[in-house]
Each structure stands twice: as structure tokens, then as C-alpha cells.
Amino acid sequence: MEAPIAQASSLSTMPGGQPALGLESGQGKPVVLQRGTSQSFKAQPGAKYRLVQLGDEGKPQKLDDLLARKKGNALELRHADGTIVEIEDFYTVCKGPEA
């Protein structure tokens, strides 16, 4: 399931006042994620992914309590609040130069 929810400039807190989470790819503004859900995205060549908390005005901040793991050819990012992000084909599309 591909699920871009909103761009960071339009949402920095979730209902209830909790800061929003975002997925950065280094290619534009972070995609705002719905906390506590599982979401999948297709890997993009040249992208550098990072799960962040969106602070004031959508400015990304470092997150703690993250787990990253390889799941087949996908990269799975898990946050302590139950949010799961799967980057499909990450290890195929985003691999670096061969040594």
C-alpha cells in the first residue's frame, strides 16, 4: 500500500497535539505519516531515507526508539509508537556503487 498522507508544510502535529512523524527521502519535503500505522513506499533511486519527528513549521528532528531491519529486499523502519514504514525494493533500487 503506497500512502503519502500529506506534505510536511501542511501538518506538523497530529490530532491530540502529538508531533507528526515524517519520512524524508532527500528529494523534497518529508511525507507526513499517520502514527501507529503501517505504510509502504516504493524505493526511489538516489533517495536517502530517514524517519523524523516534524517540529515547528514542519522542521525535521531526530527520533529515538527506532529499529531498522532488512525484510527481503525491503527496508523496514519501526518506531516505538507502533508506526511501521516499509521501503519496497530498497536493497535493489538504492544500493550503492559496487566495491
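Fair warning: this is a prediction, and the values are worked out from it, not measured in the lab.

J.: Which residues make up the sheet that holds strand β8 (residues 74-79), and what values go with them?
T.: The sheet built from four strands is open, its strands ordered β4-β9-β8-β7 with mixed pairing. With one partner strand each, in any of the chains shown, β4 (38-42) and β7 (66-71) form the two edges of the open sheet. For this sheet, the mean inter-axis angle between neighbouring strands, taken without regard to orientation, is 20°. In the sheet, β4 pairs with strand β9 (residues 84-88) via five bridges, with the strands oriented parallel. Paired with K42 across the two strands is E88, which belongs to β9.

J.: How would you summarise the environment of L77 if you had to cite specific residues and measurements?
T.: Topologically, L77 is positioned in strand β8. C-alpha of L77 to C-alpha of Y49: the two residues are 28 residues apart in sequence and 9.8 Å apart in space. Leave out the neighbours within four places in its chain, and L77 touches L23, L51, L67, A68, T83, I84 and V85.

J.: Summarise the pairing of β7; cite the residues concerned and give the values.
T.: In the sheet, β7 pairs with β8 via six bridges, with the strands oriented antiparallel. Its bridge partner being in β8, K71 is matched across the sheet by A74. Turn length for the β7-β8 hairpin, with the two strands adjacent in sequence and antiparallel, is two residues, and the turn residue G72 shows positive phi of about 70°.

J.: So, the pattern of salt bridges: which residues are in play, and what are the values?
T.: Evaluated as defined, the whole model comprises eight salt bridges. For D64, the salt bridge goes to K62, with nearest N and O atoms at 4.0 Å. Given the relative accessible area of 69%, K62 is considered exposed. The partner of E76 in a salt bridge is R69, and the shortest N-O contact between them spans 2.6 Å. A single network of salt bridges, built from pairs that share partners, joins R69, K71, E76, R78 and E86.

J.: Report on the environment of Y49, specifying residues and quantitative values.
T.: Within the secondary structure layout, Y49 lies in the loop between β4 and β5 (50-54). Looking at Y49, the relative accessible area reads 18%, which means it is buried. Linking Y49 and L75, residues 26 residues apart in sequence, is a C-alpha distance of 9.7 Å. Those residues within four positions of Y49 in sequence are excluded, and the remaining contacts are L23, E24, S25, K42, A43, Q44, I87, F90 and C94. Within polar-contact distance, the side chain of Y49 engages the backbone nitrogen of Q44 at 2.9 Å.

Reading the values: the criteria
Residues numbered from 1 in each chain as written. Predicted model: local features only at pLDDT ≥ 70, side-chain atom pairs only at ≥ 80, totals over all residues. Heavy atoms only, no water. Pairing = 2+ DSSP bridges. Helix = DSSP H or I, 4+ residues; strand = E, 2+ residues; numbered from the N terminus. Axes fitted to C-alpha atoms, helices over the stretch in contact; angles between N-to-C directions. Contact = heavy atoms within 4.5 Å. Salt bridge = Lys/Arg side-chain N within 4 Å of Asp/Glu carboxyl O. Buried < 20%, exposed > 50% of the residue type's maximum accessible area, 1.4 Å probe, protein only. Polar contact = N/O pair within 3.5 Å; in protein donor to acceptor, adjacent residues only side chain to side chain.

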